[in-house]
Amino acid sequence: MKTAASLAVPLVFALSAAASPSPVDTTHQLSARQCASSLDIANTIATRLQDNYFNIITGEYSGGEHWTDANNIENIHNLMLATGQDQWSDLADNSYLGRTANLEYDLGISLWSDILGGSWDDAQWIILALWKIADYKAARGDSNDAYLQSALTIYSLVEAAWDNTCGGGVWWSSADNYKNSVTNELFLLVSAVGAINFPSNTAFLTNAKKAQAWIASSALRNSQNLFNDGLVTATCANNGQTVWIYNQVGVIRRPFVAFVLIVPQGAIAAGLGALYVSTGDESLLTEAELTLDATIAHLTQGGILKESCDDAVSPNCNSDQVAFKGIFMKHLQYYLDRANNATRTAKYAGFIHAQASGVYHYGTDSSSDIGSVWYAPSQGGSIFDSASSGSGLAAHIVNAKYGPCESL
Ligand SMILES: *[C@@H]1O[C@H](CO)[C@@H](O)[C@H](O)[C@H]1NC(C)=O
């Protein structure tokens, strides 16, 4: 998120760091079957991503932002957890985000408030990356304390941005003028994951339930079971203006229509799936699949995800938008991890294979970079950058786990 919001003031919250250090999710993730041929492709893509786009000096990806970098770092660690390999074991500590975490842990200097700039959606993508790194380090027997501490620091900042305007919800930014889908779907997700990984820290489950109830009662979800971008602050009604707001892309870089229609749909499912683990309430899975299925029904072409800005002929997406489809796929993976149900997994296997196939045949160039357009061969419209390559990578990683393991 890009905004002129003023910096948030760090606040101290009740969440304590004295939680169990080893997230429980790693066992489940490592136990699932993985398709070797899909992992081979993913390794090739990841190697190219790191060699071509990752800057070892800055610890950032060229052309990326903190939140897209966070997603790329998460993807690389998700891949190493899948393969059991360690090609990028240094990535976390070398990354800008990892250095920031280590600085806070080693020297007590926290830059998070400055870095986040009051963007509470970006903040939560970073929490997810820090926790994925922590999963990886725990799986390798390494200390993950710095990553867990920083995740908690950031979580406390986000948690403080909840208030009762429109009955609840976390503000999109420290400007406190907009409540939207993705920020709150992420708050549900990170709270529910926190509840699983740190059960002694009861604030996580309380917040997850609070977020789920508020999202369900809010006007965020429309009659198609898709989430619009957000609420009209004055009335708390669904803002329903996704088409026009998209035209403001130069003002607020995040393209509302595309962001609303792809990314949150994955995050809401992953959040509901994670809350299901703690509550056993299977209706949460039914609710999640309403939105997953609506996304597949309405936001695909020829069975392959197509962002509203995706265009095989002329490049229309910005550097945020090119990341969205892969984030959707990654969170579909996380949803299926949490649902842990063969019937539900089988339901999405064909869709998952189709995305990997689109990425492979239409999206990938001869250098193993992946462009933004998956649904058709590029005629010049596919955008190639670090975020689009990481997005395609995510499609292969989920296909290795939950696809049919058939040739692409
Ligand atoms: C798996 O999901 C199906 C619905 O798709 C449900 O009927 C079934 O009870 C679930 N199985 C388990 C073991 O939870």
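Keep in mind that this is a model prediction, so the values were computed, not measured.

## Focus: the confidence of the model for the chain
Inference 1: Taken residue by residue, the chain gives an average pLDDT of 87. The fraction at 70 or more is 86%.
Inference 2: Here residues 1-31 scores under 50 on pLDDT; set against residues more than four positions off or in separate chains, the count is 78 contacts.

## Points about the state of the cysteines
Inference 1: In this structure the tally under the stated criterion is three disulfides.
Inference 2: Put simply, C35 and C405 are joined by a disulfide, and their sulfur atoms are 2.0 Å apart. Here the disulfide of C35 and C405 is right-handed, its torsion about the S-S bond being about 75°. Here C35, found in the loop between helix 1 (25-31) and helix 2 (36-53), pairs with C405, found in the segment after helix 16 (386-402); they are 370 residues apart in sequence, far enough to count as distant.
Inference 3: On the basis of relative accessible area, C35 is assigned to the buried category, the value being 1%.
Inference 4: For C405, a relative accessible area of 36% puts it in the partly exposed group.
Inference 5: Between C166 and C236 runs a disulfide, and the two sulfur atoms are separated by 2.1 Å. On the sign convention where negative means left-handed, the S-S torsion of about -90° between C166 and C236 marks this disulfide as left-handed. Placement of the pair is C166 in the loop between helix 8 (145-159) and helix 9 (181-197) and C236 in the loop between helix 10 (203-217) and helix 11 (242-245), with a sequence separation of 70 residues.
Inference 6: Numbered by order of appearance in the sequence, the disulfide-linked cysteines of the chain pair as 1-6, 2-3, 4-5.

## Regarding the packing of aromatic side chains
Inference 1: Within this structure, the stated rule accounts for 12 aromatic pairs.
Inference 2: Residues W67 and F324 carry aromatic rings whose centres are separated by 6.1 Å and whose planes lie at 35° to one another, so their mutual orientation is tilted. Taken together, the positions of W67 in helix 3 (residues 66-83) and F324 in helix 14 (residues 324-339) put the pair 257 residues apart, joining distant regions of the chain.
Inference 3: The buried category is assigned to W67, whose relative accessible area is 0%.
Inference 4: Residue class for F324 comes out buried when judged on its relative accessible area of 0%.
Inference 5: Ring centres of Y155 and F187 lie 5.6 Å apart, and the angle between their planes is 15°; this geometry places the pair in the stacked category. With Y155 in helix 8 and F187 in helix 9, this residue pair connects regions lying 32 residues apart in the sequence.

## A few points about the site of the ligand
Inference 1: By nearness alone, every residue bordering the ligand is listed as E282, N341, T343 and R344.
Inference 2: One nitrogen or oxygen atom from the side chain of N341 is found 2.4 Å from an oxygen atom belonging to the ligand.
Inference 3: R344 places a side-chain nitrogen or oxygen 3.4 Å from an oxygen atom of the ligand.
Inference 4: Considering the ligand on its own, with 370 Å² of exposed area, one finds that the protein chains cover 40% of that surface.
Inference 5: For the shell around the ligand, the per-class residue count stands at no nonpolar, two polar and two charged.

## Some remarks on the pattern of salt bridges
Inference 1: Inspection of every chain in the model, using the stated rule, returns 11 salt bridges.
Inference 2: For the salt bridge of K137 with D93, the shortest nitrogen-to-oxygen distance reads 3.4 Å. Placement of K137 in helix 7 (residues 120-139) and of D93 in helix 4 (residues 91-94) is noted, with a sequence separation of 44 residues between them.
Inference 3: K347 serves as the salt-bridge partner of E289, at 2.6 Å between the closest nitrogen and oxygen. With E289 in helix 13 (residues 283-298) and K347 in helix 15 (residues 342-363), this pair connects stretches of sequence that are 58 residues apart.

## What about the environment of G303?
Inference 1: Its location among the elements puts G303 in the loop between strand 3 (300-301) and strand 4 (304-305).
Inference 2: For the pair G303 and Y375, spaced 72 residues apart in the sequence, the C-alpha separation amounts to 8.1 Å.
Inference 3: For G303, the residues in contact, after removing those within four places along its chain, are F351, A354 and Q355.

## Section: the side chain of D385
Inference 1: Mapped onto the secondary structure, D385 falls in the loop between helix 15 and helix 16.
Inference 2: A distance of 3.0 Å separates a polar side-chain atom of D385 from the backbone nitrogen of A387.
Inference 3: A distance of 2.8 Å separates the side chain of D385 from the backbone nitrogen of S388, its partner in a polar contact.

## Some thoughts on unusual backbone geometry
Inference 1: For N225, which is not glycine, the phi dihedral falls at a positive 70°.
Inference 2: Overall, the relative accessible area of 22% leaves N225 in the partly exposed class.
Inference 3: Of note in this structure, N340 is not a glycine but carries a positive phi near 50°.
Inference 4: Positionally, N340 belongs in the loop between helix 14 and helix 15.

## Quick notes on the packing of helix 14 against helix 16
Between two packed helices, both the angle of their axes relative to each other and the distance between the axes serve to describe the pair.
Inference 1: Here helix 14 crosses helix 16 at 25°, and the two axes come no closer than 7 Å. Relative to helix 16, the element helix 14 is oriented roughly parallel. The handedness of the crossing between helix 14 and helix 16 is left-handed. Residues K325, G326, M329, K330, Q333, L336 and D337 of helix 14 form the contact with helix 16, whose participating residues are S391, A394, A395, I397, V398, K401 and Y402.
Inference 2: For the contact of helix 14 with helix 16, a count of residues per class yields seven nonpolar, three polar and four charged.

What counts, and where the lines are drawn
- Residues numbered from 1 in each chain as written.
- Predicted model: local features only at pLDDT ≥ 70, side-chain atom pairs only at ≥ 80, totals over all residues.
- Heavy atoms only, no water.
- pLDDT = per-residue confidence, 0-100.
- Contact = heavy atoms within 4.5 Å.
- Disulfide = S-S within 2.5 Å.
- Helix = DSSP H or I, 4+ residues; strand = E, 2+ residues; numbered from the N terminus.
- Buried < 20%, exposed > 50% of the residue type's maximum accessible area, 1.4 Å probe, protein only.
- Phe/Tyr/Trp six-rings, centres within 6.5 Å; stacked < 30°, edge-to-face > 60°.
- Near = heavy atom within 4 Å.
- Polar contact = N/O pair within 3.5 Å; in protein donor to acceptor, adjacent residues only side chain to side chain.
- Areas by Shrake-Rupley, 256 points an atom, 1.4 Å probe, with all protein chains shown as cover.
- Nonpolar A, V, L, I, M, F, W, Y, C, P; charged D, E, K, R; others polar.
- Salt bridge = Lys/Arg side-chain N within 4 Å of Asp/Glu carboxyl O.
- Axes fitted to C-alpha atoms, helices over the stretch in contact; angles between N-to-C directions.
- Parallel < 35°, antiparallel > 145°, perpendicular 65-115°, else oblique.
- Left-handed = near helix turned anticlockwise from the far one by under 90°.

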